[in-house]
Amino acid sequence: MLLEIVAILVSLSLLMFFAYRGYPVIVFAPIFTLLAVALSGLALLPSYTETFMSNAANYIKAFFPVFLLGAIFGKVMELNGAAGSIAQTIVKGLGAKRAVLSIVLACAILTYGGVSLFVVAFAVYPFAAALFREANIPKRLIPGTIALGAFTFTMDALPGTPQIQNIIPTNYFGTDAYAAPLVGIVGAFLIFLGGMLWLEKRRNQAAIAGEGYGDNHKNEPEAKETEKYPPIALAILPLLLVLLTNFLLSRGFIAVDSWYDPAMLNEKFKIENVKTVASSWALIIALLVGVISALAINVKTVHSKLAAGLTTAAMGALLAIFNTASEVGFGNVVKTLPGFQSIQGWILGASDHPLVSEALAVNVLSGMTGSASGGLSIALEVMGKQYVELANAANISPELLHRIASMASGGMDTLPHNGAVITLLAITGLTHRQSYKDIFVITVLKTVTVFLLAFVVSIF
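Residues numbered from 1 in each chain as written. Predicted model: local features only at pLDDT ≥ 70, side-chain atom pairs only at ≥ 80, totals over all residues. Heavy atoms only, no water.

### Considering the packing of aromatic side chains
- By the definition in use, this model includes eight aromatic pairs.
- Summarising the aromatic geometry, the rings of Y59 and F63 are spaced 4.9 Å apart at their centres and angled 50 degrees between planes, so their arrangement reads as tilted. Of this pair, Y59 and F63 both sit in helix 3 (residues 44–79), four residues apart, which is roughly one turn of that helix. The two residues Y59 and F63 agree in class, both being buried.
- Both rings, one in F153 and one in F192, keep their centres 5.7 Å apart while their planes meet at 75 degrees; by these two values the pair is edge-to-face. Highlighted residues: F153 in helix 8 (residues 153–157) and F192 in helix 11 (residues 181–208), separated in sequence by 39 residues.
- The ring of Y213 carries R133 above its face, with NZ or CZ at 5.1 Å from the centroid. (Phe/Tyr/Trp six-rings, centres within 6.5 Å; stacked < 30°, edge-to-face > 60°. Helix = DSSP H or I, 4+ residues; strand = E, 2+ residues; numbered from the N terminus. Buried < 20%, exposed > 50% of the residue type's maximum accessible area, 1.4 Å probe, protein only. Lys NZ or Arg CZ within 6 Å of the ring centre and 35° of its normal.)

### A word on helix 7 (residues 142–150)
- By the criterion of burial, helix 7 is predominantly enclosed, with nine of the nine residues buried.
- Among the residues of helix 7, I142, P143, G144, T145, I146, A147, L148, G149 and A150 are the ones counted as buried.

### Topic: a nonpolar patch on the surface
- Residues L182, V186, F189, L190, L193, L197, L452 and V456 make up a contiguous nonpolar surface patch of roughly 720 Å² in combined accessible area.
- Tallying contributions element by element places helix 11 first for the nonpolar patch, with six residues.
- Within the secondary structure layout, L190 lies in helix 11. (Patch = residues over 30% accessible without salt bridge, like charges linked within 9 Å, V, L, I, M, F, W, Y side chains within 5 Å. Areas by Shrake-Rupley, 256 points an atom, 1.4 Å probe, with all protein chains shown as cover. Salt bridge = Lys/Arg side-chain N within 4 Å of Asp/Glu carboxyl O.)

### Remarks on unusual backbone geometry
- The backbone of N136 shows a phi angle near 60 degrees, a positive value even though the residue is not glycine.
- You can see N136 is positioned in the loop between helix 6 (117–135) and helix 7.
- You can call N136 partly exposed: its relative accessible area is 47%.
- Phi is positive for A180, which is not a glycine, with a value near 45 degrees.
- Accessibility expressed as a relative area gives 8% for A180, which makes it buried.

### Brief notes about helix 5 (residues 99–112)
- Helix length check: helix 5 (14 residues) gives 20 Å between terminal C-alpha atoms against 20 Å at 1.5 Å per residue, within 8%.
- Those residues of helix 5 lying buried are A99, V100, S102, I103, V104, A106, C107, A108, L110 and T111.
- Buried positions along helix 5 lie against helix 4 (82–94), helix 6, helix 7, helix 8, helix 11 and helix 12 (232–251).
- In the stretch just after helix 5, G114 is the one whose phi turns positive, near 110 degrees. (Expected span 1.5 Å × (residues − 1). Contact = heavy atoms within 4.5 Å.)

### Details of the nonpolar core
- F63, F73, I103, F132 and F153 are the most contacted members of the largest nonpolar core, which totals 133 residues.
- Broken down by element, this core gets its largest block of residues, 13 residues, from helix 3.
- Those residues in contact with F153 that sit more than four places away from it in its chain are V104, A108, L148, L158, A188, I191 and F192. (Core = buried A, V, L, I, M, F, W, Y, C linked by side-chain atoms within 4.5 Å.)

### So, the environment of K385
- Note on placement: K385 falls in helix 18 (residues 372–393).
- On a C-alpha basis, the gap between K385 and L34 in space is 25 Å, while along the polypeptide they are 351 residues apart.

### Concerning the pattern of salt bridges
- The final tally for this structure, using the stated rule, is ten salt bridges.
- The closest approach of N and O atoms between R140 and E211, which form a salt bridge, is 2.8 Å. Taken together, the residues R140 in the loop between helix 6 and helix 7 and E211 in the loop between helix 11 and helix 12 connect sequence positions 71 residues apart.
- The exposure class assigned to E211 is partly exposed, which follows from its relative accessible area of 32%.
- Here the residues in one salt-bridge network are R133, K139 and E220, joined through shared partners.

### A word on the environment of T324
- Along the chain, T324 falls in helix 15 (residues 299–334).
- The class for T324 is buried, based on a relative accessible area of 5%.
- With 48 residues separating them in the primary sequence, T324 and A372 have C-alpha atoms 9.4 Å apart.
- Contacts of T324, omitting those with residues within four sequence positions, involve Y59, F67, S373, G374 and S377.

That is the geometry; function is a separate question.
The structure is reproduced here in structure tokens:
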């Protein structure tokens, strides 16, 4: 049994290492999957074609429309100037004295409105650089500031966020994007407050030490003072439409789960419980409404760049979902291996409470894979049914399972090998040595908050 456990740990460690080194997960996930299978003494080709590929394909089927439309929506919001307009309005409104808060809020509003994390980083960075320079705040604090606004509470804590980390649990627990709203709001507030206190402390320390913005930085953005942006009322409209449409289709009077006859769905499409797909349907329509409204804001400006923009968005969506699907395939093969039973027993036995155990599993896997959506998907694919059974036995709502799992995915996922972290540092022209400390503290804060909520909820 020891060899079978080592097979899984070695394969997972190698996958994490190669992802950290920048090698494509699409290529190396199946390689290390087959390594684990070989070391466990099982059949290679059936494990690859029937387990790995089947589960990867199922994940793509379930979530590709959300990935694609989310990427398109974010790109159009960038091309039409709406993202820039929102960032500029907040920055000008709060001013240099509240530079950190301005950038956090700009990122938060865009992320909660459905704009992808990567687009948010690109859109906000020029304003962050200009504002931090004006306020004489070290540039090295920009990545941590953007991370707090875009990679934490608006990504998976606030109820209704259209980010994929908040949608994945709906397929496993039959919930919607607004699951456990009170827990999500409390968690979001704690993360926001703790993150702001840390960043302001770091800003004050730098000011006392006489450290300013700094010189000779890489990737300094060009000033965007002369760029024309749409009025803020128009710029914010697509975000509001996405949120409103998603709410109405999820919990409103036109909820999408009541559109079709359950018997017909079961007979013709093998959908036994419409709630497991309703949240994805709602978000697909909401993002489509957002894309159309974003295009309508500034048709002339977007038209000339639309073809290239759609190509970029589509390629980004394909890369993102195939990376995640490969990790899901890896996880589903691993759960069939003999050594996994021992690992699963350790995770489930780490706590008597399913919420704490679930938070641990999602956190560990997200940290190892360097992906919130990847770790979340693996954990729920492998142990989702067990958590539902444990929760039912303990009279715990599936909504709490959803919210804790979603928030846990955004905990240790932002370790140094995380793709979003690497991209953010590349955008800002900074290194891990210069800026990762702040991202790591926010990562730890997020993780502690999730476990705190899980423990508190478990008591009551």
